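# Close look at the chain arrangement
The lines below spell out each chain.
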Amino acid sequence: MPSPTRGFLGRRRERDPRLPPGQYDVGTDWPVLTAEPTPRIPPERWSITVDGEVESPTTWTWDEAHRLPPSEYRGDIHCVTTWSKFDTRFGGVSLDTLLEAARPTAAARFVLATSSTGYTTNLPLADVTGGRAWLAWEFDGRPLTPEHGGPVRLLVPHLYFWKSAKWVSRLTLLTEDRPGFWEQNGYHDRGDPWRQQRYQGD
Ligand SMILES: Nc1nc2c(c(=O)[nH]1)N[C@H]1C(S)=C(S)[C@@H](COP(=O)(O)O)O[C@H]1N2
Ligand SMILES: [Mo]
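Since this is a predicted model, take the numbers as computed values, not measurements.

## Description of the overall build of the protein
The helix and strand inventory of the protein stands at four helices and eleven strands. When its C-alpha atoms are laid out on the principal axes, the protein stretches across 70 × 35 × 30 Å. Residues classed as buried in the protein amount to 48% of the 202 residues present. A separation threshold of at least 6 residues defines the contact pool for the protein, and within that pool the share at least 24 residues apart is 68%. A total of about 10600 Å² of accessible surface is found on the protein, and carbon and sulfur atoms cover 51% of it. The protein carries 24 positive and 26 negative side-chain charges, and their two centres are separated by 6 Å.

This is the structure in structure tokens:
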């Protein structure tokens, strides 16, 4: 039976195509999700080391990292707790730049990111190359705050945000996958939001 209200119902708002399945738009908020106490790390005491399956293990200080070619991410981020944040802007350096200097061996397939707090997360090497991963020290043109991983966090925005380790200090190249903190606690080894890879087995 045709309904007189059909025309109105037909104008129901479309779901934003930028939202992966099961996610909602958090708007201008930026929730803080941290398993450990927030460390206060002065930039002059921060450094990043790339080691493991690489030809040239390398450490960069804050000043050295800032002399590398700058790189920016503009786009969305997605947390496994179902919030997504649109149109973020992060500044820092592309992981490609660090990896080109450290030169992964032919056997390198995975990366374990470690924070100075002990937090770890694992990623396929293919997910942090090709302009898809950054060390980020700026958000919206301002220094990244300690709550959000400042002075420097990992940023891998095409995967769920638990992969973006805050206070990152080491990237270890590996021949085999080694589950990190949340991955040992049941979260997915890859974490693609478009495939809803939230938990092991998804
Ligand atoms: N060191 C560290 N990094 C971390 C986490 C953490 O608990 N410790 N939480 C992860 C999770 S689950 C998310 S969703 C994001 C949250 O980042 P935010 O607090 O800046 O939103 O950081 C990720 N990186
Ligand atoms: Mo998260």
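That covers the picture; the talk isn't over yet.
## Some remarks on the side chain of Asp127
Assignment of secondary structure puts Asp127 in the loop between strand E7 (120-124) and strand E8 (134-139). A relative accessible area of 2% means that Asp127 is categorised as buried. Of the polar contacts made by the side chain of Asp127, one reaches the side chain of Arg190; its length is 2.7 Å. Residue contacts for Asp127: discarding those within four places in its chain leaves Arg132, Ala133, Val156, His158, Leu159 and Arg190.

## Brief notes about the site of ligand 1
Around ligand 1 there are 20 residues in total, and Pro31, Ala35, Glu36, His148 and Lys166 lie nearest to it. Within the contact set of ligand 1, a nitrogen atom lies 2.8 Å away from a side-chain nitrogen or oxygen of Glu36. Within the side chain of Lys166, one N or O atom sits 2.6 Å away from an oxygen atom of ligand 1. Protein contacts shield 98% of the accessible area of ligand 1, which totals 530 Å² for the unbound molecule.

## Some thoughts on the layout of surface pockets
Taken as a whole, the largest pocket spans an internal volume of roughly 360 Å³. Every residue lining the largest pocket is counted, 23 residues in all, and those nearest its centre are Leu33, Thr34, Tyr119, Trp162 and Trp182. Considering only residue class, the lining of the largest pocket consists of 15 nonpolar, five polar and three charged.

## Quick word on the packing of aromatic side chains
Tallied over the entire structure, the rule returns 13 aromatic pairs. Ring geometry for Tyr73 versus Trp134: centroids 5.2 Å apart, planes at 50°, classification tilted. Of this pair, Tyr73 sits in strand E4 (residues 71-78) while Trp134 is found in strand E8, placing the two residues 61 residues apart along the sequence. Classification of Trp134 as buried rests on a relative accessible area of 8%. For the ring pair Trp182 and Tyr187, a centre distance of 5.3 Å and an interplane angle of 70° mean the geometry is edge-to-face. Classification of Trp182 by relative accessible area gives partly exposed; the value is 30%. Members of the aromatic cluster, joined through ring pairs, are Tyr119, Tyr160, Trp162, Phe181, Trp182, Tyr187 and Tyr199. Looking at Arg18, its charged tip hangs above the ring of Phe86, at a distance of 3.9 Å from the centre.

Rules behind the numbers
Residues numbered from 1 in each chain as written. Chains lettered and ligands numbered in written order. Predicted model: local features only at pLDDT ≥ 70, side-chain atom pairs only at ≥ 80, totals over all residues. Heavy atoms only, no water. Helix = DSSP H or I, 4+ residues; strand = E, 2+ residues; numbered from the N terminus. Buried < 20%, exposed > 50% of the residue type's maximum accessible area, 1.4 Å probe, protein only. Contact = heavy atoms within 4.5 Å. Areas by Shrake-Rupley, 256 points an atom, 1.4 Å probe, with all protein chains shown as cover. Lys, Arg positive; Asp, Glu negative; His and termini not counted. Charge placed at Lys NZ, Arg CZ, Asp CG, Glu CD. Polar contact = N/O pair within 3.5 Å; in protein donor to acceptor, adjacent residues only side chain to side chain. Near = heavy atom within 4 Å. 1 Å grid on protein atoms, 1.4 Å probe; cavity = no way out; pocket = protein on both sides within 12 Å on 5 of 7 lines; lining within 4 Å. Points joined across faces, edges and corners; volume = space filled by probe spheres on them. Nonpolar A, V, L, I, M, F, W, Y, C, P; charged D, E, K, R; others polar. Phe/Tyr/Trp six-rings, centres within 6.5 Å; stacked < 30°, edge-to-face > 60°. Lys NZ or Arg CZ within 6 Å of the ring centre and 35° of its normal.

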